[in-house]
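Take a look at the letters that make up each chain.
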Amino acid sequence: MLRLLEGFHYTETKEADKADLILINTCSVREKPEHKVYSALGRFRKLKERKGMVIGVAGCVAQQEGERMLDRVPYLDLVIGTHAIPMLAELLERIEVSGQRVCETRFDRSGEYLKALLPEKPLAKVKSYVTIMQGCDHFCSFCIVPYVRGGERSRPSWEILEEIRHLAEMGVKEVFLLGQNVNGYGKGLEREVDFPRLLDQINEIEGIERIRFTTSHPADLSDALIQDFSELEKLCEHIHLPFQSGSDRILKAMHRGYTKESYLERIKRLKEVCPSIAITADVIVGFPGEEEEDFKETLDLMEKVKFDDLFSFKYSPRKGTRAAQLQNQVEEEVKQDRLSILQKIQREITFQKNLTLEGKVEEVLVESLSKQSNQDVTGRTRSNKIVNFPGDMNLAGKLVSVKILKAYPHSLFPSAG
Ligand code: SAM
Ligand code: SF4
């Protein structure tokens with residue numbers, strides 16, 4: 001959105017009272033961020049009365065709520081859905097010229113909305129995110145994504161490769177490929193290129209030193225993709241593979257399409273092919289009908305895999321999804337207890353994992369100055385762990401070998417170069 005607006009003579013400001021346009025980008029995957037949108041809008045109300053800027057909401061809450069947002073927030077000017085972003089400047093112009101309030105949430109079946117704008121100015125960034133596909137066809141019973149993002153759509157590979165070559169010319173060293181289910185990449189494209197083949201091609205791009213991607217769905221994780229972790233030298237040794245639950249009964253109710261055993265088999269295969277691989281995942285506690293036994297299965301899976309890190313969530317009912325209609329919702333207190341237990345166990349596992357790196361030399365791609373001190377720089381290992389060490393901005397974009405002197409529970413490794 002920023003890149004689009006730059007083309008229309010907008011410049012970015014971090015101060016709300018200097019803005020002619022305030023755009024709130026939103027997530028609706030859980031209830032809490034959805035509520036935050038309305039409190040953010042509330043905060044800007046006075047400012048709008050005083051200064052009269054344009055206020056808009058973009059993203060998944062905008063897609064989901066549409067006109068209802070305009071009804072609920074009388075000083076809101078624009079609601080722009082997930083497929084309408086390329087129309088942003090046009091819609092703003094319409095608001096300026098006509099003074100009308102605008103809501104645009106139609107899905108774009110042509111796939112035009114996926115086109116990325118290439119930056120014209122030097123990026124001076126080390127790492128860049130590249131969306132390779134959007135939407136999802138999985139319809140897990142708890143998840144709102146397919147409703148607010150539409151079905152899976154892949155960008156043509158030539159366009160992705162062109163974007164990454166362009167980024168490499170601008171100094172980017174690491175690309176992070178994004179999609180709700182990258183394993184599904186290529187479905188529906190005319191010249192069939194699957195995800196492992198796309199990775200092969202990106203691996204050939206001069207100037208790019210590292211490739212990462214997220215997210216992989218365990219049910220679609222192919223042997224060919226697993227093999228890439230040992231064959232493609234630029235593909236970093238890290239996979240994010242959400243499991244959501246360790247209980248087969250719950251996995252079935254979630255419509256995830258795999259069992260605890262088949263998930264563990266995929267992990268085993270990954271570790272065989274790439275013994276140093278770091279594994280992270282998402283997990284949900286308190287899905288409707290989750291009993292103590294189911295929760296124990298989740299803890300058991302965690303103990304077996306020993307994830308490097310976990311993103312853990314309390315189940316949050318999303319209107320319109322199948323799980324939200326189930327009768328046997330779990331009480332908030334039980335969800336909270338389970339989440340606390342799980343997070344305590346994971347903190348210890350993460351710490352133990354980090355400790356195994358003490359004394360080791362790791363390759364770090366330096367990204368920027370550290371937030372804690374401007375005498376230090378920060379970067380990541382190939383396994384995606386954050387490392388801070390003394391240095392200055394001349395190191396940005398360089399691959400540096402760093403000896404890890406001390407590991408901390410929160411994945412930080414202040415170390416010496
Ligand atoms: N496509 C990815 C996958 O299938 O693994 C996940 C994308 S989703 C946007 C990110 C994470 O949010 C999910 O892995 C899940 O753990 C969590 N999530 C999604 N819906 C949720 C809900 N209703 N309540 C709690 N957590 C949820
Ligand atoms: Fe949501 Fe991921 Fe399931 Fe798609 S695969 S429905 S994005 S959790």
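Our subject is the structure that appears above.
Because the structure is predicted, anything quoted here is derived from the model rather than measured.

Within the protein chain one finds 13 helices and 16 strands. Here the C-alpha atoms of the protein chain give a radius of gyration of 23 Å, agreeing with the 22 Å that 2.2 N^0.38 yields for 417 residues. In the protein chain, which comprises 417 residues, the proportion classed as buried is 51%. Counting only contacts in the protein chain whose residues sit at least 6 apart along the sequence, the fraction spanning at least 24 positions is 71%. Surface summary for the protein chain: the accessible area is close to 20800 Å², and the carbon and sulfur share equals 50%. Within the protein chain, the 65 negative side-chain charges are centred at a point lying 3 Å from the centre of the 61 positive side-chain charges.

Before going further, it helps to spend a moment on helix α9 (residues 223-231). When α9 is considered as a whole, its buried residues turn out to be Leu225, Ile226, Asp228 and Phe229. For α9, the buried positions fall inside an angular range of 145° around the axis, keeping them on one side.

Below, the discussion takes up helix α2 (residues 31-51). The terminal C-alpha atoms of α2 lie 31 Å apart, and with 21 residues this matches the ideal 30 Å at 1.5 Å per residue to within 8%. Phe44 marks where α2 bends most, by close to 35°. Restricting attention to buried positions, one finds in α2 the residues Glu34, Val37, Tyr38, Ala40, Leu41, Phe44, Leu47 and Lys48. On the buried face of α2, the contacting elements are β1 (21-26), β2 (54-59), α3 (60-65) and α4 (67-72). Directly beyond the C-terminal end of α2, a positive phi value near 70° is found at Gly52.

The next thing to look at is the pattern of salt bridges. Within this structure, the stated rule accounts for 32 salt bridges. The partner of Lys48 in a salt bridge is Asp77, with the nearest N and O atoms 2.5 Å apart. Separated by 29 residues along the polypeptide, Lys48 in helix α2 and Asp77 in the loop between α4 and β3 (78-80) bring together distant segments of the chain. Lys48 sits in the buried class, given a relative accessible area of 16%. The class of Asp77 is buried, set by a relative accessible area of 11%. Two residues, Glu272 and Arg269, come together in a salt bridge whose shortest N-O distance is 2.9 Å. On the criterion of helical spacing, the pair formed by Glu272 and Arg269 is a turn pair, its members being 3 residues apart in helix α11 (residues 260-273). Residue Glu272 is classed as partly exposed on the basis of its relative accessible area of 46%. Here the residues in one salt-bridge network are Glu174, Arg210, Arg212 and Glu363, joined through shared partners.

Near ligand 2 the following residues occur: Cys136, His138, Phe139, Cys140, Phe142, Cys143, Val145, Pro146, Gln180, His217 and Arg256. Its residues assigned to classes, the shell around ligand 2 shows 7 nonpolar, 3 polar and 1 charged.

Turning our attention to the pairing of strand β11 (residues 278-285). Counting buried positions along β11 gives 8 out of 8 residues, so the element sits mostly inside the fold. Here β11 shows two buried faces, one formed by Ala278, Thr280, Asp282 and Ile284 and the other by Ile279, Ala281, Val283 and Val285. Across 3 bridges, strand β10 (residues 238-240) lies against β11 in parallel orientation. Paired with His240 across the strands is Thr280, a residue of β11. Inspection of the sheet shows β11 paired to strand β12 (residues 309-314) by 6 bridges, in the parallel sense. Residue pairing across strands places Val285 opposite Lys314, the latter belonging to β12. For the handedness criterion, the β-α-β arrangement of β11, helix α12 (residues 292-305) and β12 is classed as right-handed.

With that out of the way, let us pick up the packing of aromatic side chains. Applying the stated criterion across every chain yields a total of 8 aromatic pairs. Ring geometry for Phe213 and Phe229: centres 6.0 Å apart, planes at 45°, overall tilted. With Phe213 in strand β9 (residues 210-214) and Phe229 in helix α9, the pair connects residues that are 16 residues apart, well separated along the chain. Residues Phe213 and Phe229 agree in their burial class; the two are buried. A network of ring pairs unites the aromatic residues Phe243, Tyr258, Tyr263 and Phe307 as a single cluster. Sitting above the plane of the Tyr38 ring, Arg72 keeps its charged end 3.6 Å from the centroid.

With that out of the way, let us pick up unusual backbone geometry. Cis rather than trans, the peptide bond between Thr214 and Thr215 has omega equal to 5°. Mapping Thr215 onto the fold places it in the loop between β9 and α9. The backbone phi angle of Lys306 is positive, close to 55°, even though this residue is not glycine. On the secondary structure map, Lys306 appears in the loop between α12 and β12. You can call Lys306 partly exposed: its relative accessible area is 37%. With phi around 75°, Asn384 is a residue other than glycine that occupies positive phi space. The topology assignment puts Asn384 in the loop between β14 (376-381) and β15 (386-390). Its relative accessible area of 19% is what places Asn384 among the buried residues.

About the criteria used
- Every residue gets a number counted from 1 within its own chain, in the order that chain's sequence is written.
- Whichever chain is written first becomes A and whichever ligand is written first becomes 1, with later ones labelled in order.
- Owing to the predicted nature of the model, reporting of local features is limited to residues with pLDDT of at least 70; listing and counting of side-chain atom pairs is limited to 80 or more, with chain, interface and lining totals taken over all residues.
- Neither water nor hydrogens contribute to the side-chain values; these are computed over all heavy atoms in the structure.
- Secondary structure follows DSSP: runs of H or I at least 4 residues long count as helices, runs of E at least 2 residues long count as strands, and numbering of each begins at the N terminus.
- Taken over C-alpha atoms, the radius of gyration is set against a globule rule of 2.2 Å times the number of residues to the power 0.38.
- Exposure categories follow from relative accessible area, calculated using a 1.4 Å probe and restricted to protein chains: below 20% of the type maximum is buried, above 50% is exposed, and the middle band is partly exposed.
- What makes two residues a contact is simply this: any of their non-hydrogen atoms within 4.5 Å.
- The Shrake-Rupley method, run with a 1.4 Å probe, gives the accessible areas here. Residue values count only the displayed protein chains as cover.
- In this charge count, Lys and Arg are treated as positive and Asp and Glu as negative; neither His nor the chain ends contribute.
- Positions of charges follow a simple convention, taking NZ of Lys, CZ of Arg, CG of Asp or CD of Glu.
- Arc definition: directions from the helix axis to the C-beta atoms.
- Take the residue count of a helix, subtract one, and multiply by 1.5 Å to get its expected span.
- Note that the bend at a residue is defined as the angle between axes fitted to the seven residues ending at it and the seven residues starting at it.
- We define a salt bridge as a contact between a side-chain nitrogen of Lys or Arg and a carboxyl oxygen of Asp or Glu at a distance within 4 Å.
- Think of it this way: one heavy atom of a residue within 4 Å of a molecule or strand is enough to make that residue near it.
- Put simply, Ala, Val, Leu, Ile, Met, Phe, Trp, Tyr, Cys and Pro go in the nonpolar bin, Asp, Glu, Lys and Arg in the charged bin, and everything else, Gly too, in the polar bin.
- DSSP bridges decide pairing: two strands pair if at least two such bridges lie between them.
- The crossover handedness rule: strands pointing away from the viewer, path from first strand over the helix to second strand clockwise, crossover right-handed.
- A pair of aromatic rings is counted whenever rings of Phe, Tyr or Trp (Trp by its six-membered ring) have centres within 6.5 Å, and the orientation is called stacked for planes under 30 degrees apart, edge-to-face for over 60 and tilted otherwise.
- Here, over-ring charges are defined by two tests on the NZ atom of lysine or the CZ atom of arginine: distance to the ring centre within 6 Å, and angle to the ring normal within 35 degrees.

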